[in-house]
Amino acid sequence: MPEPSFIQILLALLCGGFVSFMLGMIGGGGSILAIPLLLYVVGLHNAHAAIGTAALAVAASAYLNMIPHARAGRVRWDAAFTFAASGVLGAALGSSLGKLVDGHRLLDYFAGLMCIVAVLMLRSTPSDAEASRAGASRRYPQLCGTGLGAGGLSGFFGIGGGFLIVPGLMFAAQMQIVEAIGTSLFAVGSFGLTTAINYSISGDVDWPVAAVFVLGGTVGGWMGARAAGRLAHRRGTLNRVFAGVIVLVAGYMLMHASQG
């Protein structure tokens, strides 16, 4: 791949900060925001290269963004390890299949799935009592099954999968959304890294752009985690923000597909 220009490096730095802010605040939106930005703003011209680069950058950002959430006690490690372990297998299988499908078509399919997730997110939220009673140790089958499915879809679509993982954790472990966001970042990083490794084998990762993207995301992720902590005290606010971002991005993707 050609060396990125100074303008591309600057744009990747700014886009990385924005994407990491959203990832730290809502636990999702990493790759599904990064891929269009890499294609249409930074200027990568190959869809699969954008998918592989985004997967690597978002994986690194997710692990970094998890640190402030963990310090605030918003990561449930038992659920994180269980969900990620099963999901990595799904991501490996899904990404192998996804490389066989046209990259732009994958985004079209995922836009429709995002709209369904947004509706489900707005329907219900587990209460504090339910969340406190629902220990992950009693929910290993649900966590493994949901993790395998979310990982498979994440790998197939070439995304970190936060839009799937956060609702999946809320469903499987009856978490409050702010806990699901913090916990999801471990799985987002694990799924994204698995996908990135698979794509890198095919030469579909732009390493310099990915490194700059992660650098820009360092400050953005810290700000996003602080925003998540503040919004968590307003019941339902994070759910609405999460669903709203999903709908906006899905709408943009569908509009772009119709124009193409």
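1. Details of the overall build of the protein
Move 1: When its secondary structure is counted, the protein shows eleven helices and zero strands.
Move 2: Scanning the protein from its N terminus toward the C terminus, one meets helices and strands in the order α-α-α-α-α-α-α-α-α-α-α.
Move 3: Among the 260 residues that make up the protein, the fraction classed as buried is 58%.
Move 4: If you take every contact in the protein between residues at least 6 apart in sequence, the share linking residues at least 24 apart comes to 85%.
Move 5: Looking at the protein as shown, the accessible area adds up to about 10,900 Å², and 67% of this sits on carbon and sulfur atoms.

2. Some words on the environment of F186
Move 1: By secondary structure assignment, the location of F186 is in helix α9 (residues 177-201).
Move 2: For F186, a relative accessible area of 15% gives the class buried.
Move 3: Considering only alpha carbons, one finds F186 and F81, 105 residues apart in sequence, at a separation of 7.9 Å.

3. Observations concerning the pattern of salt bridges
Move 1: Scanning the model with the defined rule gives one salt bridge in all.
Move 2: Of the charged contacts, one joins R76 and E179 as a salt bridge, the two residues approaching to 3.6 Å between their closest N and O atoms. With R76 in the loop between α3 (47-71) and α4 (77-98) and E179 in helix α9, this pair connects stretches of sequence that are 103 residues apart.

4. A few points about the environment of V209
Move 1: For V209, the position within the fold is in helix α10 (residues 207-231).
Move 2: In the structure, V209 is positioned 165 residues away from L44 in sequence and 9.4 Å away in space, judged by C-alpha atoms.
Move 3: Beyond its immediate sequence surroundings of up to four residues, V209 is in contact with P4, A12, L38, V42 and T53.

5. Quick word on the side chain of N198
Move 1: Secondary-structure assignment places N198 in helix α9.
Move 2: N198 sits in the buried class, given a relative accessible area of 12%.
Move 3: Those residues in contact with N198, other than ones at most four positions away along the chain, are A92, S95, S96 and K99.

6. Quick word on the packing of helix α1 (residues 6-26) against helix α2 (residues 30-42)
Move 1: The N-to-C vectors of α1 and α2 enclose an angle of 160 degrees; their axes lie 10 Å apart at closest approach. With respect to α2, the axis of α1 lies roughly antiparallel. Along this stretch, α1 crosses α2, giving a crossing that reads as right-handed. Each of Q8, L11, A12, C15, F18, V19, M22 and L23 in α1 lies in contact with α2, whose residues at this interface are G30, L33, A34, L37, V41 and V42.
Move 2: The class makeup of the residues in the contact of α1 with α2 is twelve nonpolar, two polar and no charged.

7. A closer look at a nonpolar patch on the surface
Move 1: The grouping of F6, I7, L10, L13, L14 and L215 at the surface amounts to a nonpolar patch, some 620 Å² of accessible area in total.
Move 2: A per-element tally of the nonpolar patch places α1 first, with five residues.

8. Brief notes about the confidence of the model for the protein
Move 1: Of all residues in the protein, 85% have pLDDT values of 70 or greater, and the mean over the chain is 80.
Move 2: Within the protein, no element has a lower average pLDDT than helix α6 (residues 128-133), which sits at 44, and none a higher one than α4, at 89.
Move 3: Below pLDDT 50 for its whole length, residues 126-137 participates in 22 contacts with residues either more than four positions away or in separate chains.

9. Concerning the packing of aromatic side chains
Move 1: Counting across every chain of the model gives five aromatic pairs.
Move 2: A ring pair is formed by F81 and F186, whose centres lie 4.9 Å apart and whose planes are at 70 degrees; its orientation type is edge-to-face. Taken together, the positions of F81 in helix α4 and F186 in helix α9 put the pair 105 residues apart, joining distant regions of the chain.
Move 3: The exposure class assigned to F81 is partly exposed, which follows from its relative accessible area of 46%.
Move 4: Each residue in the set Y63, W77, F81 and F186 is aromatic and connected to the rest through ring pairs, giving one cluster.

Cut-offs and rules
- Residues numbered from 1 in each chain as written.
- Predicted model: local features only at pLDDT ≥ 70, side-chain atom pairs only at ≥ 80, totals over all residues.
- Heavy atoms only, no water.
- Helix = DSSP H or I, 4+ residues; strand = E, 2+ residues; numbered from the N terminus.
- Buried < 20%, exposed > 50% of the residue type's maximum accessible area, 1.4 Å probe, protein only.
- Contact = heavy atoms within 4.5 Å.
- Areas by Shrake-Rupley, 256 points an atom, 1.4 Å probe, with all protein chains shown as cover.
- Salt bridge = Lys/Arg side-chain N within 4 Å of Asp/Glu carboxyl O.
- Axes fitted to C-alpha atoms, helices over the stretch in contact; angles between N-to-C directions.
- Parallel < 35°, antiparallel > 145°, perpendicular 65-115°, else oblique.
- Left-handed = near helix turned anticlockwise from the far one by under 90°.
- Nonpolar A, V, L, I, M, F, W, Y, C, P; charged D, E, K, R; others polar.
- Patch = residues over 30% accessible without salt bridge, like charges linked within 9 Å, V, L, I, M, F, W, Y side chains within 5 Å.
- pLDDT = per-residue confidence, 0-100.
- Phe/Tyr/Trp six-rings, centres within 6.5 Å; stacked < 30°, edge-to-face > 60°.

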